[in-house]
Amino acid sequence: MLVELAKHFRQLLADTSGDSQAAHDDFIQRVDTCILEISSASDDDQQRHEFEEQLQAIYDEDADYSQLYHVELFLEVLLHARPIMAPATLISTWFDLLLRPALREPHLSIVAVEAAKNLVLDAMEDSEQE
């Protein structure tokens, strides 16, 4: 499941137009299905780790921060992955790479900026409760 999801993610990132709403919606639905499968799996820690590694690899290899569509797509994936992402991972891995730059990007959509804010706030809230 993760390999296929990563393939679709890379395909969306390669489409520089970002115009295919149907492909985007299909991908997000696949993300939700994958997150649900991981959260209900008996070896969920291993699958969470694999998901995080795949996401990091895609960011490192395929993301172009100058493409706002890439930033928005990663933020949306992280937002949907909140149920399986540890707050420490969101902060230690994604804060400097994606979240802080997104919060400073003046051309990012309001929805994406709100997603970045919510991810940071949720991670901070969750880490305080631990």
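Residues numbered from 1 in each chain as written. Predicted model: local features only at pLDDT ≥ 70, side-chain atom pairs only at ≥ 80, totals over all residues. Heavy atoms only, no water.

Colleague: Help me understand the overall build of the chain in this model?
Modeller: Regarding its fold elements, the chain presents 6 helices and 0 strands. Secondary structure of the chain in N-to-C order comes out as α-α-α-α-α-α. Here the chain has a C-alpha radius of gyration of 14 Å; the compact-globule value for 130 residues is 14 Å, and the two agree. Overall, the chain is about 40 × 30 × 25 Å in size when its C-alpha atoms are taken along their principal axes. Here the chain holds 130 residues, and 35% of them are scored as buried. Pairs at least 24 apart in sequence give 70% of the contacts found in the chain among residues at least 6 apart. Total accessible area computed for the chain in this model is approximately 7300 Å², and 50% of it derives from carbon and sulfur atoms. (Helix = DSSP H or I, 4+ residues; strand = E, 2+ residues; numbered from the N terminus. Rg over C-alpha atoms; globule rule 2.2 N^0.38 Å. Buried < 20%, exposed > 50% of the residue type's maximum accessible area, 1.4 Å probe, protein only. Contact = heavy atoms within 4.5 Å. Areas by Shrake-Rupley, 256 points an atom, 1.4 Å probe, with all protein chains shown as cover.)

Colleague: Looking at this structure, how should I read the packing of helix α4 (residues 68-80) against helix α5 (residues 87-104)?
Modeller: Contact geometry of α4 with α5 gives a least axis separation of 10 Å together with a crossing angle of 140°. Judged by the twist between their axes, the crossing of α4 over α5 is left-handed. Only Leu-90, Trp-94, Leu-98, Leu-99 and Ala-102 of α5 make contact with α4, whose side of the interface consists of Val-71, Phe-74, Leu-75 and Leu-78. Residues belonging to the contact of α4 with α5 are distributed by class as follows: 9 nonpolar, no polar and no charged. (Axes fitted to C-alpha atoms, helices over the stretch in contact; angles between N-to-C directions. Left-handed = near helix turned anticlockwise from the far one by under 90°. Nonpolar A, V, L, I, M, F, W, Y, C, P; charged D, E, K, R; others polar.)

From the geometry alone we can't say anything about function, so treat these as descriptive.
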